[in-house]
Amino acid sequence: MDIQSIGIVGAGQMGNGIAHVMALAGYDVLVTDVSADALKNAMDTIEGNLGRQVGRGKVSEADANAAMARIKTTQTLTDLGQSDLIIEAATERETVKQAIFEDLLPHLKPDTILTSNTSSISITRLASRTDRPEKFMGFHFMNPVPVMQLVELIRGIATDTETYDACKAVVDRLGKTAASAEDFPAFIVNRILMPMINEAVYTLYEGVGSVQSIDSSMKLGANHPMGPLELADFIGLDTCLAIMNVLHDGLADTKYRPCPLLTKYVEAGWLGRKTDRGFYDYRGEVPVPTR
Ligand SMILES: CC(=O)CC(=O)SCCNC(=O)CCNC(=O)[C@H](O)C(C)(C)COP(=O)(O)OP(=O)(O)OC[C@H]1O[C@@H](n2cnc3c(N)ncnc32)[C@H](O)[C@@H]1OP(=O)(O)O
Ligand SMILES: NC(=O)C1=CN([C@@H]2O[C@H](COP(=O)(O)OP(=O)(O)OC[C@H]3O[C@@H](n4cnc5c(N)ncnc54)[C@H](OP(=O)(O)O)[C@@H]3O)[C@@H](O)[C@H]2O)C=CC1
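Since the structure is predicted, the reported quantities are computational estimates derived from the model, not experimental observations.

What counts, and at which threshold
Residues numbered from 1 in each chain as written. Chains lettered and ligands numbered in written order. Predicted model: local features only at pLDDT ≥ 70, side-chain atom pairs only at ≥ 80, totals over all residues. Heavy atoms only, no water. Axes fitted to C-alpha atoms, helices over the stretch in contact; angles between N-to-C directions. Helix = DSSP H or I, 4+ residues; strand = E, 2+ residues; numbered from the N terminus. Parallel < 35°, antiparallel > 145°, perpendicular 65-115°, else oblique. Left-handed = near helix turned anticlockwise from the far one by under 90°. Contact = heavy atoms within 4.5 Å. Phe/Tyr/Trp six-rings, centres within 6.5 Å; stacked < 30°, edge-to-face > 60°. Buried < 20%, exposed > 50% of the residue type's maximum accessible area, 1.4 Å probe, protein only. Pairing = 2+ DSSP bridges.

### A word on the packing of helix 7 (residues 189-205) against helix 10 (residues 237-251)
Reasoning step 1: Between helix 7 and helix 10, whose axes approach to 10 Å, the crossing angle comes to 110°. Considered as vectors, helix 7 and helix 10 are oriented roughly perpendicular to each other. In this structure, the crossing between helix 7 and helix 10 has a hand that is left-handed. Residues Asn190, Arg191, Met194, Pro195 and Asn198 of helix 7 lie in contact with helix 10, whose contacting residues are Cys240, Ile243, Met244, Leu247 and Leu251.

### Here we look at the packing of aromatic side chains
Reasoning step 1: Under the definition given, this model contains six aromatic pairs.
Reasoning step 2: On the basis of an interplanar angle of 70° and a centroid distance of 5.1 Å, the ring pair of Phe101 and Phe136 is categorised as edge-to-face. Of the two residues, Phe101 is situated in helix 4 (residues 94-104) and Phe136 in strand 6 (residues 136-141); the sequence distance between them amounts to 35 residues. Each member of the pair, Phe101 as well as Phe136, is classed as buried.
Reasoning step 3: Judged by centre distance (5.7 Å) and plane angle (70°), the ring pair of Tyr265 and Trp270 falls under edge-to-face.
Reasoning step 4: Here Tyr265 falls in the buried class, since its relative accessible area comes to 4%.

### What about the sheet that holds strand 7 (residues 150-155)?
Working definition: the strands of a sheet are paired by backbone hydrogen bonds and lie parallel or antiparallel to each other.
Reasoning step 1: Here eight strands make up an open sheet; going across it, the order is 3-2-1-4-5-6-7-8 and the pairing mixed. Two strands close off the open sheet at either side, each with one partner strand: strand 3 (71-74) and strand 8 (177-181). Put simply, the sheet's adjacent strands are angled 25° from each other on average, direction ignored.
Reasoning step 2: Across five bridges, strand 6 lies against strand 7 in antiparallel orientation. Directly across from Met137, in strand 7, lies its bridge partner Arg155.
Reasoning step 3: Together, strand 2 (28-32) and strand 3 form the strand contacts of helix 2 (residues 36-55), whose direction differs from that of strand 3 by roughly 165°.
Reasoning step 4: Set on the sheet, helix 3 (residues 61-70) makes contact with strand 2 and strand 3; between it and strand 3 the angle comes to about 25°.

Structural data, given as C-alpha cells:
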C-alpha cells in the first residue's frame, strides 16, 4: 500500500516529534488531541525544533517551511478517517487507547493501517478489539523522535506481511532504522531500559546514592548520554510507571515491581520535565535535584 497521509492521535512530546519527522519526509500530517493547548504547544515545539535544525544547517529553510505547511491539526478525532496510516500516540493507558480506536473505526477507509506508538501494551490485545487486526501493528518511535535513529516495529499475532512492509517502507523513507520486535510486554528497548531506570529509582529509595551521584555515575561510569533519573524525567514518570506495571502484570515476575518511590512521584503529579518537576526541579535556571 502506498502511504501518503498520516493521522497522529495525541500531540504530546511523541506526537509532535512524529509529526515533525513525517512532514519533513513529505507526508501530509493531521494531528489530533483532546486538548487545544496541546495542539498549539505541539505546533510551537515543531516550529522551534525545525528552526534549530535550520540554524545548525541540517535542514534548509525551504524544507522546514514546506514541512510546517504539511501539518494540520484538529480537535475532532474522526477527521483522521481519511488518513492512510494512523499512529496513536496518546497517553500510555490501555483504556484511553481502546476508546480512541473504538471511536475511529466507523470513520476509517477499509485499507487504513492502524498503529500504536505504545511503549509497552500488547499489540495483539489492542488489535483484537478492532475490525482489522491484520492491519494493526506497533510503530514505536524513541524520544526525542527527530534525533533517535530507531523505530521498533511490532507485529501482533494477526498482522499481515503487507502491513508490516508498508510500515517498514515509511521507516525507510524517514531515513530511520527499523528493528523488528515480537509482541511481548514492553518489546525490546523498554524491556531492557525500564528495569534499569526502575533500579536507579530503587538505588535512590534505598539511599545508595543521591539523584546527582546516581546520574553522574551512569554518565561518567557507563558513558550513558543522560543519567537514568534525568532520562526518566525526560520520558515522563507516568509513562515509566505505566511500563513497569505492564512488565510486572504481563510477565508475572516480582523482579519487575515498580519502585514505591516512582509511584510516589507520580501520585504527587511530579511527572518530570512535562510538569516541571520530577527527580529534578526544572522551574529555575538550572535543574535542581529533588532528593
Ligand atoms: C520510553 C520509550 O518508549 C522509548 C524511549 O524513547 S526511551 C528514551 C530513548 N532516548 C534516550 O535514551 C535519549 C538519551 N539522550 C540522548 O541521546 C541525548 O542526551 C540527546 C540526543 C537527547 C541530547 O543530546 P545532547 O548531546 O545532550 O544535546 P544537544 O547537543 O543539545 O543535542 C544533540 C542533537 O539533538 C537535537 N535535539 C536535542 N533534543 C531535542 C529534542 N527534544 N527535539 C529535537 N531535537 C533535539 C539537538 O538539536 C542536536 O541536534 P544536532 O546534532 O543536529 O545539532
Ligand atoms: N515519552 C517517551 O519517551 C515515549 C513515549 N512513548 C509512548 O507514546 C505515547 C505518548 O507518550 P508521550 O507523548 O510521552 O505522552 P504525553 O503525556 O506527552 O502526551 C500524550 C498526549 O495525549 C493526549 N491524549 C490523552 N487522551 C487522548 C485522547 N483520548 N485523544 C487524543 N489525545 C489524547 C494528552 O492530552 P492531555 O495531556 O490533555 O491528557 C497528551 O497531549 C505513550 O503511549 C507512550 O508510552 C513511546 C516512546 C517514547
